[in-house]
Amino acid sequence: MGLVQKRQYYGLLFVAPAVVFFLIFFLYPIVIGFGLSLTDFTLLKPPVWVGLQNYQDLLNDRLFLKSLNVTIGFVLGSTVPVWFISLAMAVLFFQRFPGRELMKVLFFTPLLPSVVVVSVIWKLLLHPSGILSSVIGPIVGQMPIKWLFDLQLSPIMSVVVHDWHIAPFYMIIWLSGLTAIPPELRDAARVDGANALQSFLRVELPLLKPTAVFVAAISTIRAFQGFSIQFVMSPSQGGPLDVNTTLGIVIWKYGFQFFRMGDAAAISVVLFAFILIFTLFQLRLGRSDDFSLS
Amino acid sequence: MASAKPYESDWAFEARLRRRIRNLILFSVGLLISLLFFFPVYLMFSSSFKSEGEIFAIPMHWLPHEFQGLRQYQFAFEQTRLERWYINSLFIAAVQTIATVFFGALAGYGFAKFRFPARNILFLFILSIMTVPFQILVIPMFVLVHQLGWHNSYQGLIMPGLISAFGVFMMRQFAYNLPDELLDAARIDGASEFSIFNRIVMPMLKPAAASLAIITFLFSWNSFLWPLVIAQNRDLVTLPVGLTYFSQSLDREPLWAVAMAVSTMATIPVILLFVFFQRYFIEGMMVSGIKG
């Protein structure tokens, strides 16, 4: 074996700490996660093998089925509006006009507080005697508005808070996509007589396709993991009457409130399946050079 | 030629007017929306200087009428273990950030510049980790940490986030572009592989490492689910978990001004990072998108 050949083995040394770490803190948990989903396990006694019983039970599990509905609602509300709002804001901030830089920073601020902080701020804003209730209440002729206690309003508010927090993030992604389009293309379209809207729809949007797929896929994958806003902002962690109980909250409830680790693991596997579908969708539609964002 | 001049200035006037109107519209729309987005953050900040009674004043007070100075902040420190939560969050974030950047660079460099057996399959393994969100791992991770006897300990809080697959992936992308000639030249000069990593690779990866450090810090600083389930011991509570004590109290109305003071405190490090490292901050945020 030559010297050059031998040197290559140093690579193994360099990657070893990370690889060993992931064998212990990723592969092993994944394996026991699948294993646990086939057992009854309460942490106190050793797991008892039940086969696919947990999965079968899920089909009749009221809370789980409810959470599927809640999660799908949250995913829809957290993706489609975010996609349009963040794109619109990126197009706006792509224009030159006085005060743009300051406004961009103001628009960006919702991203700075953590999700928990965001949820606490909005819990105050949406308090029955809070600001939003006192401003909007008189308009709709209802005082006070119990935003977070109303079965219809409450999940909508989770979506509003999420979208408010995350839209600036996707705005930045869109903006970098817009910046990457060669200005000549836009100019050429304008010379050919296209107006701003036509040039946007025919020239820029098609070129933004990778960004568009990226934003759609990533926001979907993230929305499936919805947990913190619903946990912190809604009364009684996912309430009222479980209208904010996402899959993430059910996993937490079954795992850490009822100590039904087997059921919680089975729901985790189901959630994994959902996310995997959208990951594959992203990998297929989006090109692998999405990393050129950097 | 006298007639051409007024025509020209008419045209210029019209163009200027049109630009002014366009600017005015963009300015107004932009201002309206950005103020709408900024308002809750402003409210957090201004409320932290109000008295509890003033929080629900109608109509709302844009500026505190009974300015409390730092009293609510002081109260938060006195009534809760805020400094402990703060130190815990900072400590955990610091350890995870340093480890993620170091081991990420180490492994990223290894994957980018060496051809060793099983390299591709190992890298594929790392890539596949990125597609699995923590939500899904929380149950088995909890069981594992229990098995290790690490629940209610700093190891338990820190270890699952010590190295990130995304960190390895990101550093590999950047290490891949390092010039091979430079590395080979150092080898010819007799430098050992580790000193090449230390003295040449690490310094050249600094911009990427800065972005990775910032997003790792933010990720750790904001993490909620794992500290929530793994640390029941009151000495191990982190800032996000501690903050929920204010908003979750069922028996009485939360002390909102104090909660806003703690929220502001929790956001200050992020604001500092944003102000002082804006470029790395934004870049880090953008590449972190693929983390999912």
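Calculation notes
- Residues numbered from 1 in each chain as written.
- Chains lettered and ligands numbered in written order.
- Predicted model: local features only at pLDDT ≥ 70, side-chain atom pairs only at ≥ 80, totals over all residues.
- Heavy atoms only, no water.
- 1 Å grid on protein atoms, 1.4 Å probe; cavity = no way out; pocket = protein on both sides within 12 Å on 5 of 7 lines; lining within 4 Å.
- Points joined across faces, edges and corners; volume = space filled by probe spheres on them.
- Helix = DSSP H or I, 4+ residues; strand = E, 2+ residues; numbered from the N terminus.
- Nonpolar A, V, L, I, M, F, W, Y, C, P; charged D, E, K, R; others polar.
- Contact = heavy atoms within 4.5 Å.
- Buried area = accessible area lost by both parts, 1.4 Å probe.
- Salt bridge = Lys/Arg side-chain N within 4 Å of Asp/Glu carboxyl O.
- Polar contact = N/O pair within 3.5 Å; in protein donor to acceptor, adjacent residues only side chain to side chain.
- pLDDT = per-residue confidence, 0-100.
- Core = buried A, V, L, I, M, F, W, Y, C linked by side-chain atoms within 4.5 Å.
- Buried < 20%, exposed > 50% of the residue type's maximum accessible area, 1.4 Å probe, protein only.
- Domains from an automatic or database assignment.

1. Overview of the layout of surface pockets
1) Next: Roughly 740 Å³ of volume is contained in the second largest pocket.
2) Next: At the level of secondary structure, the elements contributing two or more residues to the lining of the second largest pocket comprise helix 4 (62-94), helix 9 (183-191) and helix 10 (196-207) of chain A together with helix 1 (4-47) of chain B.
3) Next: For the lining of the second largest pocket, the residue count by class is 14 nonpolar, two polar and seven charged.

2. Notes on the interface of chain B and chain A
1) Next: In this complex, chain B contributes 98 residues to the contact, which on the side of chain A involves 90 residues.
2) Next: Summed over both partners, the interface of chain B with chain A buries about 8500 Å², with 83% contributed by carbon and sulfur atoms.
3) Next: At the boundary of chain B and chain A, one finds zero salt bridges.
4) Next: Inspection of the region where chain B meets chain A yields six residue pairs in polar contact (both at pLDDT 80 or more).
5) Next: In terms of residue count, helix 1 of chain B provides more of the side of chain B that touches chain A than any other element does, 19 residues in total.
6) Next: Residue composition of the side of chain B that touches chain A, grouped by class: 72 nonpolar, 19 polar and seven charged.

3. Observations regarding the confidence of the model for chain B
1) Next: Across chain B, the average pLDDT comes to 89, with 95% of residues at 70 or higher.
2) Next: When pLDDT is averaged over each helix and strand of chain B, the minimum, 83, is found for helix 14 (residues 278-288) of chain B and the maximum, 96, for helix 3 (residues 82-113) of chain B.

4. Brief notes about the nonpolar core
1) Next: The biggest cluster of nonpolar side chains holds 186 residues, and the ones touching the most others in it are Phe22(A), Tyr109(B), Phe111(B), Ile139(B), Val229(B) and Phe281(B).
2) Next: For this core, the element with the highest residue contribution is helix 8 (residues 153-180) of chain A, accounting for 14 residues.
3) Next: No fewer than three residues from each of domain 1 (1-40) and domain 2 (74-291) of chain B sit in this core.
4) Next: Residues within four places of Phe22(A) in sequence aside, it is in contact with Leu27(A), Phe125(B), Ile126(B), Ile129(B), Ile163(B), Ser164(B), Ala165(B) and Val168(B).

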